[in-house]
Amino acid sequence: MRPGPLVIDTHELGRRPGTERTYDLTVPAPAELGVDLIGVPEGSDIAIELRLEAVMDGVLATGTSTVHLVGECVRCLTEIQDDAVVDFQELYLYADASEEELQLEGDLLDLEPVLRDAVVLALPINPVCDPECPGLCPECGARLADDPDHTHGEAIDPRWAALSQMTDPESGDTPDGPKE
């Protein structure tokens, strides 16, 4: 295991059940902490309140992290910035962990996979700048929140569009025939 800001040494717990330590950490965000539309910018500060408790089978890590999110609204494509508070809890086994379980490496535990899972699962699937965001105009792409009265006139049924040219004075034609 490589040393890093999210690798915690549990040697102080001494494998004595009931022993616990608390930590207040501020660490830089690892790369790619998020999804395509929203995530935590790499290197931004993550505040973590962490409690490590020795139990019979390993070390129980319980914590809360506060992250800054940056993304894009799925409706109007404007930038979104928000803060999120994410809780996590995971048991790191001393030995004999299966594929789905985490295991201590010596006295070290890596908090990154737990933090990554907790943050990514807490992210919205379709982030929006406002729950009432009207999105973009399907014809011209104008942001409808900036101009609520945006319109392109009355829509003409494409089946009748040719008839509108017959009554359009700018076309030079009239219902009686072409102008001379």
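Owing to the predicted nature of the structure, the values given are computational and were not obtained by experimental measurement.

> Go over the pairing of strand β5 (residues 45–54) with me, naming the residues and quoting the values.
Residue alternation in β5 divides its side chains into a buried set, Ile-46, Ile-48, Leu-50, Leu-52 and Ala-54, and an unburied set, Asp-45, Ala-47, Glu-49, Arg-51 and Glu-53. Pairing between strand β2 (residues 20–28) and β5: 9 bridges, direction antiparallel. Looking across to β5, one finds that Thr-26 is bridged to Ala-47. In this structure, β5 lies alongside strand β6 (residues 58–72), joined through 8 bridges in antiparallel fashion. Its bridge partner being in β6, Leu-50 is matched across the sheet by Gly-63. Hairpin remark: β5 followed by β6, antiparallel, with 3 residues in the connecting loop.

> Which residues make up the nonpolar core, and what are the values?
Among the nonpolar cores identified, the biggest contains 31 residues, and Ile-46, Ile-48, Leu-50, Leu-52, Phe-88, Leu-109 and Leu-111 are the most heavily contacted of them. At the level of elements, β2, β4 (38–40), β5, β6, β7 (79–93) and α1 (112–122) are the ones that each hand at least two residues to this core. When residues of this core are assigned to their parent elements, the largest contribution, 5 residues, is made by β5. Ignoring sequence-local partners within four residues, the contact set of Leu-50 consists of Ile-8, Arg-21, Thr-22, Tyr-23, Leu-25, Ala-61, Thr-62, Gly-63, Phe-88 and Leu-111.

> Any chance you could break down unusual backbone geometry for me, citing the residues and the numbers?
The phi dihedral of Glu-32 falls on the positive side, at around 55°, and the residue is not glycine. Relative to the elements of secondary structure, Glu-32 occurs in the loop between β2 and β3 (33–34). At Leu-77, a position not held by glycine, the phi torsion is positive, near 65°. One can find Leu-77 in the loop between β6 and β7.

The rules behind these values
- Residues numbered from 1 in each chain as written.
- Predicted model: local features only at pLDDT ≥ 70, side-chain atom pairs only at ≥ 80, totals over all residues.
- Heavy atoms only, no water.
- Buried < 20%, exposed > 50% of the residue type's maximum accessible area, 1.4 Å probe, protein only.
- Helix = DSSP H or I, 4+ residues; strand = E, 2+ residues; numbered from the N terminus.
- Pairing = 2+ DSSP bridges.
- Core = buried A, V, L, I, M, F, W, Y, C linked by side-chain atoms within 4.5 Å.
- Contact = heavy atoms within 4.5 Å.

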